[in-house]
Amino acid sequence: MAKMILSMDGLVLKEIPLDKERITIGRKAHNDIQIDNLAISGEHAAIVTILNDSFLEDLNSTNGTLVNGQPVKKHFLKNNDVVELGKYKLKYINEAPVAANADFEKTMIMRPGGLKAPPPAEEAQARAAAQTVVGIEPEKTSAPVGQATASIAAAAVAPAAGQAPAAPVQQQLPAVIQLLNGPNIGKELELTKTLTTLGKPGVQVAVIAKRPHGYFLTHVEGAHYPIVNGNSLDPQAYQLEDHDVIEIAGIKMEFYFKT
């Protein structure tokens with residue numbers, strides 16, 4: 001299990017195992033890692049962990065967050081990275097093999113009123129190259145870090161409490177989401193990537209994680225949780241079922257298995 005080692009002036013203060021999907025860092029008492037220092041914002045940063053991978057996100061802190069001496073907004077943590085918050089340092093330790101992060105670089109952002117439909121031939125080529133459909137576009141990794149809101153996302157590997165696992169026949173079937181409203185109604189995206197991020201940065205963002213035992217929807221950003229079949233989700237990952245209707249950032253879409 002990955003962990004963070006908190007230190008100040010070379011003195012180790014504590015070790016924190018990254019045993020939760022999301023761990024917050026800040027001056028206020030409700031944070032998982034509380035650092036009672038005026039240089040630290042009330043809610044300074046967060047660490048999101050997906051299986052063996054962890055991501056650091058600065059939560060618009062006053063004094064900023066550094067990783068290996070460089071200011072960051074969002075950062076894919078690597079073994080021995082040093083996170084600096086004022087005089088405090090958090091060293092990231094993870095000796096597990098690091099998964100290829102190509103899936104995270106091609107997360108899909110749904111933008112109402114976004115791209116126009118390309119010609120059929122170009123659309124087929126785009127699907128193969130970047131898993132893109134109209135109204136759902138890949139996040140541009142060259143964008144300023146402050147605009148890359150949805151480049152990281154948390155996704156649980158277990159279903160929410162009380163929810164039955166997906167039927168075995170569905171495990172081998174590819175899944176698709178189809179837009180049900182908006183200017184790009186009817187457009188589809190096949191969920192071939194490990195993580196597919198949906199929503200509108202700054203408003204509402206969620207992620208669909210593809211796992212061997214099913215597809216899981218998890219809230220990432222925004223005051224309101226995604227709605228599935230008319231019911232608002234909670235912080236737990238929700239295992240999607242055939243023909244579930246999802247609403248994120250005002251856009252409705254249907255999740256279903258291709259047969």
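Placed above this text is the structure.
Residue positions are counted from 1 within each chain, in the order its sequence is given. Given that this is a predicted model, residues contribute local features only at a pLDDT of at least 70 and side-chain atom pairs are listed and counted only at 80 or more, while totals for whole chains, interfaces and linings are drawn from all residues. Only heavy atoms go into the side-chain values, all of them from the structure, while hydrogens and water stay out.

J.: Hey, could you go over the overall build of the chain for me, with residue numbers and the actual values?
T.: When you go through the chain residue by residue, the secondary structure sums to three helices and 23 strands. Put simply, the chain has 259 residues, and 44% of those count as buried. The contacts in the chain between residues at least 6 apart in sequence include a share of 47% that link residues at least 24 apart. All accessible areas in this document rest on Shrake-Rupley with a 1.4 Å probe, and a residue is counted as covered only by the protein chains that are shown. With the model as given, the accessible surface of the chain reaches about 12900 Å², and the carbon-plus-sulfur share is 53%. Only DSSP runs of H or I reaching four residues or more are called helices, and only runs of E reaching two or more are called strands; each is numbered from the N terminus. Each residue is placed in one exposure class: buried if its accessible area under a 1.4 Å probe, protein chains only, is under 20% of its type's maximum, exposed if it is over 50%, and partly exposed if it falls in between. Residue contacts are counted whenever heavy atoms from the two residues lie within 4.5 Å of one another.

J.: If you had to explain the pattern of salt bridges to someone new, which residues and values would you point to?
T.: Pairing of side chains with opposite charge becomes possible as their charged atoms draw close. Salt bridge criterion: a side-chain nitrogen from Lys or Arg within 4 Å of a carboxyl oxygen from Asp or Glu. A complete count under the given rule lists five salt bridges for this structure. Across the salt bridge formed by D58 and K73, the nearest N and O atoms sit 3.7 Å from each other. Residue D58 is found in strand 6 (residues 53-58), and its partner K73 is found in the loop between strand 8 (70-72) and strand 9 (74-76); the two are separated by 15 residues along the sequence. Given the relative accessible area of 26%, K73 is considered partly exposed.

J.: A description of the packing of aromatic side chains should follow, citing residues and the corresponding values.
T.: Classification of ring pairs uses Phe, Tyr and Trp, with its six-membered ring standing for Trp, and accepts pairs whose centres are within 6.5 Å; under 30 degrees between planes counts as stacked, over 60 as edge-to-face, and the remaining range as tilted. Evaluated as defined, the whole model comprises four aromatic pairs. When the ring of F255 is compared with that of F257, the centres are 5.2 Å apart and the planes differ by 80 degrees; the resulting orientation is edge-to-face. Each member of the pair F255 and F257 is classed as buried. Aromatic rings pair up to connect Y215, F255 and F257 into one cluster.

J.: Could you give an account of unusual backbone geometry, with specific residues and numbers?
T.: Unusually for a residue other than glycine, N60 sits at a positive phi of about 55 degrees. By secondary structure assignment, the location of N60 is in the loop between strand 6 and strand 7 (65-67). You can call N60 exposed: its relative accessible area is 65%. Here N68, not a glycine, exhibits a phi torsion of approximately 55 degrees, which is positive. Topologically, N68 is positioned in the loop between strand 7 and strand 8. Residue classification places N68 among the partly exposed positions, given a relative accessible area of 43%.

J.: Any chance you could break down the nonpolar core for me, citing the residues and the numbers?
T.: We define the nonpolar core as a collection of buried residues of types Ala, Val, Leu, Ile, Met, Phe, Trp, Tyr and Cys that are connected through side-chain atoms lying within 4.5 Å of one another. Of all hydrophobic cores here, the largest spans 21 residues; its most connected members are I25, L56, V83 and L90. Those elements giving two or more residues to this core turn out to be strand 1 (3-8), strand 3 (22-26), strand 5 (45-50), strand 10 (82-85) and strand 11 (88-93). Here the element with the most residues in this core is strand 11; it accounts for three residues. When residues no more than four places from it in sequence are discounted, the contact partners of L90 are M4, I5, L6, I16, I25, D81, V82, V83 and L85. Core analysis: the next-biggest nonpolar cluster, separate from the first, contains 20 residues, L179, A206, I208 and F255 among them.

J.: Lay out the environment of M1 with the relevant residues and their values.
T.: Positionally, M1 belongs in the segment before strand 1. Judged by its relative accessible area of 74%, M1 is exposed. With 93 residues separating them in the primary sequence, M1 and N94 have C-alpha atoms 6.9 Å apart. Apart from the residues within four sequence positions on either side, M1 is in contact with P17, L18 and D19.

J.: Could you give an account of the sheet that holds strand 9, naming the residues involved and the relevant values?
T.: Strands qualify as paired when DSSP identifies two bridges or more between them. Spatial strand order, 4-3-5-6-9: five strands in an open sheet with mixed pairing. On the outer flanks of this sheet lie strand 4 (33-34) and strand 9, each paired with one strand and no other. The pairing of strand 3 with strand 5 spans four bridges and is classified as antiparallel. Of the residues in strand 5, the one forming a bridge with I23 is I47.

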